[in-house]
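The residues making up each chain are set out below.
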Amino acid sequence: MSEKLIIGMFGFGVVGQGLYDIIKTKDLNLEIKKFVIKNPEKKRTLPAELFTTDPEAVLSDPEINTVVELIDNADVAFEITKRALQSGKNVVSANKKMIATHLEELTNIQQEYGTSLLYEGAVCGSIPIIRNLEEYYDNELLHSISGIFNGSSNYILSKIFNEDQSYDNALRKAQELGFAETDPTLDVGGYDPKYKLAIVASHAYGIYVNPDEILNLGINTLDNQDIRFAKEKGFKIKLLPLAKETSDKQVVLYVLPKFLRSDNILYNVENENNGVLVKAAFADEQFFYGKGAGGHPTGSAVLSDIAALRYGYRYEYKKHIDASQIRYTTDYELSVYLRYANDSILEQIEFLSISERFYGENFKYVIGKINLNEIISKRELINQSGNFMAEIL
Ligand code: HSE
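We now turn to the structure provided with this report.

Analysis parameters
Residues numbered from 1 in each chain as written. Predicted model: local features only at pLDDT ≥ 70, side-chain atom pairs only at ≥ 80, totals over all residues. Heavy atoms only, no water. Helix = DSSP H or I, 4+ residues; strand = E, 2+ residues; numbered from the N terminus. Rg over C-alpha atoms; globule rule 2.2 N^0.38 Å. Buried < 20%, exposed > 50% of the residue type's maximum accessible area, 1.4 Å probe, protein only. Contact = heavy atoms within 4.5 Å. Areas by Shrake-Rupley, 256 points an atom, 1.4 Å probe, with all protein chains shown as cover. Phe/Tyr/Trp six-rings, centres within 6.5 Å; stacked < 30°, edge-to-face > 60°. Lys NZ or Arg CZ within 6 Å of the ring centre and 35° of its normal. 1 Å grid on protein atoms, 1.4 Å probe; cavity = no way out; pocket = protein on both sides within 12 Å on 5 of 7 lines; lining within 4 Å. Points joined across faces, edges and corners; volume = space filled by probe spheres on them. Nonpolar A, V, L, I, M, F, W, Y, C, P; charged D, E, K, R; others polar. Pairing = 2+ DSSP bridges. Axes fitted to C-alpha atoms, helices over the stretch in contact; angles between N-to-C directions. Parallel < 35°, antiparallel > 145°, perpendicular 65-115°, else oblique. Left-handed = near helix turned anticlockwise from the far one by under 90°. Near = heavy atom within 4 Å. Polar contact = N/O pair within 3.5 Å; in protein donor to acceptor, adjacent residues only side chain to side chain. Sits in = over half its atoms within 2 Å of the grid points.

## Let's talk about the overall build of the protein chain
Scanning the protein chain for helices and strands turns up 15 helices and 17 strands. Taking 393 residues into account, the globule formula puts the C-alpha radius of gyration at 21 Å, and the protein chain, at 22 Å, falls close to it. Every one of the 393 residues in the protein chain was classed for burial, and the buried ones make up 59%. By sequence separation, contacts in the protein chain at least 24 residues apart represent 73% of the contacts at least 6 residues apart. Total accessible area on the protein chain is roughly 17,100 Å²; 45% of this is exposed by carbon and sulfur atoms.

Dropping the structure here:
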């Protein structure tokens, strides 16, 4: 029988509660000894003696061999995770920002201290993409990985496109349902899917890319003109991260809204569901679909990691072993739609070519080819209210 896991858990929010609900239903030879929480005043569903605000109650307890880290603050989460791994405790985390930002250091710490950090719950909720990239696609040549990696923005877009709800209403609903981040700009601005993309890219291509170097544009400047434009052409708008090997040994990564045709497999991924589309040289196209946010779906991924620790599972970061030649690139040409408010923007942004232009009193756009580097260097301008950019086929 495997070693009993004695768990110290940081955070008891939506995912923590979801995980706890699932754990209760099973006899898994594990015990949650302490919960470290921020707010001692908040009413809890468990006995008060299980809760503490002192991290040392977990980090300095030699009996606790497993830390489950489910807090919001990425900096605090990093300190907890680092300390735990360095003191011989294995860690399960769902903190995508923390993992994406510190992945290289965390990989080194695991190697140095012989401990394991698992984070399936950090990427696309219930979809087991990290373990598949590690274990199943380890010998595959991956052409690209894309999909819907953020439940909240997808929920908002579904409500706008299918039910004519307003953006603000739909965002509020996503918050009430516990899908959104505490700061929802992370969702609608494309930061959250960017962190997930950086993690995916590491397991798919063996590269570490600082998320600050990856372009993310979001849906926060979307307006009725864009929605009407999309509907007239039979498109839906989805917020999509992309990791793609462009030419030999170069990988491009970015997050942009995209107009999708109805024959795209992601077109029908609605609400808080996520979808991961893997295009591979030998396996060809494969599609993973499931709930990407919410307490129980994410809790199920966290539980799967906890259970995997019972048999000593650790990521081997297999793609890193022969990845020394792979480089991250931002030199990539793509077609975009740009709705703009102020004519001067077209003098400031350099398109490689323009294939369509519309100039109305209240609605102006261009469709053209542009280099990703140009979008990156003009991102603040593009992000100003009155403008909206999306990739187009
Ligand atoms: N805010 C995230 C989302 C939660 O909406 O997808 C899951 O990572």
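So much for the structure itself; the text now carries on.
## Comments concerning the packing of aromatic side chains
Applying the stated rule across the entire model yields 23 aromatic pairs. A ring pair is formed by Phe12 and Tyr20, whose centres lie 6.2 Å apart and whose planes are at 80°; its orientation type is edge-to-face. Across the pair, Tyr20 and Phe12 agree in class, each one buried. Ring geometry for Phe229 versus Tyr337: centroids 4.6 Å apart, planes at 35°, classification tilted. One end of the pair, Phe229, is in helix α10 (residues 224–232); the other, Tyr337, is in strand β14 (residues 333–339), with 108 residues separating them in the sequence. Residue classification places Phe229 among the buried residues on the basis of a relative accessible area of 5%. Through a chain of ring-to-ring contacts, three or more aromatic side chains come together here, namely Phe229, Phe235, Phe259, Tyr337, Phe358, Phe363, Tyr365 and Phe388. Above the face of the Tyr313 ring, Arg131 is positioned so that its terminal group lies 5.4 Å from the ring centre. The ring of Tyr267 carries Lys236 above its face, with NZ or CZ at 4.1 Å from the centroid.

## Things to note about empty space enclosed by the protein
All told, the structure shown has one cavity of 30 Å³ or more when counted by the stated rule. For the largest cavity, the calculated volume is near 50 Å³. The wall of the largest cavity is formed by Leu217, Gly218, Asn220, Thr221, Ile382, Asn383, Asn387, Phe388 and Met389. Considered class by class, the residues forming the lining of the largest cavity number four nonpolar, five polar and no charged.

## Topic: the sheet that holds strand β6 (residues 117–118)
Strand order in the open sheet formed by six strands is β3-β2-β1-β4-β5-β6, and the pairing between neighbours is parallel. Lying at the two open borders of the sheet, with one neighbouring strand each, are β3 (51–52) and β6. Judged from the two bridges that link them, strand β2 (residues 30–36) and β3 form a sheet pairing that is parallel. For Phe35, the partnering residue across the bridge sits in β3 and is Phe51.

## With respect to the pairing of strand β7 (residues 142–148)
Of all seven residues making up β7, six are buried, and the element is well covered by its neighbours. Two strands pair when backbone bridges link them, and β7 and strand β11 (residues 273–280) are joined in this way by six bridges, in the antiparallel orientation. Within β11, the residue paired with Ile145 across the bridge is Val278.

## Concerning helix α1 (residues 14–24)
Residues lying three or four places apart along an α-helix face the same way, a consequence of the helix completing one turn every 3.6 residues. For α1, the set of buried residues is Val15, Gly16, Gly18, Leu19, Tyr20, Ile22 and Ile23. Packed against the buried residues of α1 are β1 (5–10), β2, β4 (66–69) and α11 (295–309).

## Here we look at the packing of helix α4 (residues 96–113) against helix α9 (residues 191–205)
As a packed pair, α4 and α9 sit with axes 8 Å apart at the nearest point and diverge in direction by 45°. In terms of orientation, α4 lies oblique with respect to α9. Our pair here, α4 against α9, has a crossing hand that is left-handed. Counting all contacts with α4, which are made through Lys96, Lys97, Ile99, Ala100 and Leu103, the residues of α9 involved are Asp192, Tyr195, Lys196, Ala198, Ile199 and Ser202.

## Examining the site of the ligand
Near the ligand, the surroundings consist of Lys96, Asn150, Gly151, Ser152, Phe179, Ala180, Glu181, Asp187, Asp192, Lys196, Gly292 and Ala293. Contact between the ligand and Ser152: an oxygen atom at 2.6 Å from a side-chain N or O atom of the residue. With respect to the ligand, the backbone of Phe179 contributes an N or O atom lying 2.7 Å from a nitrogen atom. Surface burial for the ligand is 93%, taken as the share of its 250 Å² of free accessible area covered by protein chains. Cavity membership is defined here by more than half of the atoms lying within 2 Å of grid points; on that basis the ligand lies in the largest pocket.

## Overview of the packing of α1 against α11
Between α1 and α11, the shortest axis-to-axis distance is 7 Å and the interhelical angle comes to 65°. Accordingly, the angle class assigned to the pair α1 and α11 is roughly perpendicular. For the crossing formed where α1 meets α11, the hand is right-handed. In this structure, α1 contributes Val14, Val15, Gly18, Leu19, Asp21, Ile22 and Ile23 to the contact, and α11 contributes Gly295, His296, Thr298, Gly299, Ser300, Val302, Leu303 and Ile306. By residue class, the composition of the contact of α1 with α11 is eight nonpolar, six polar and one charged.

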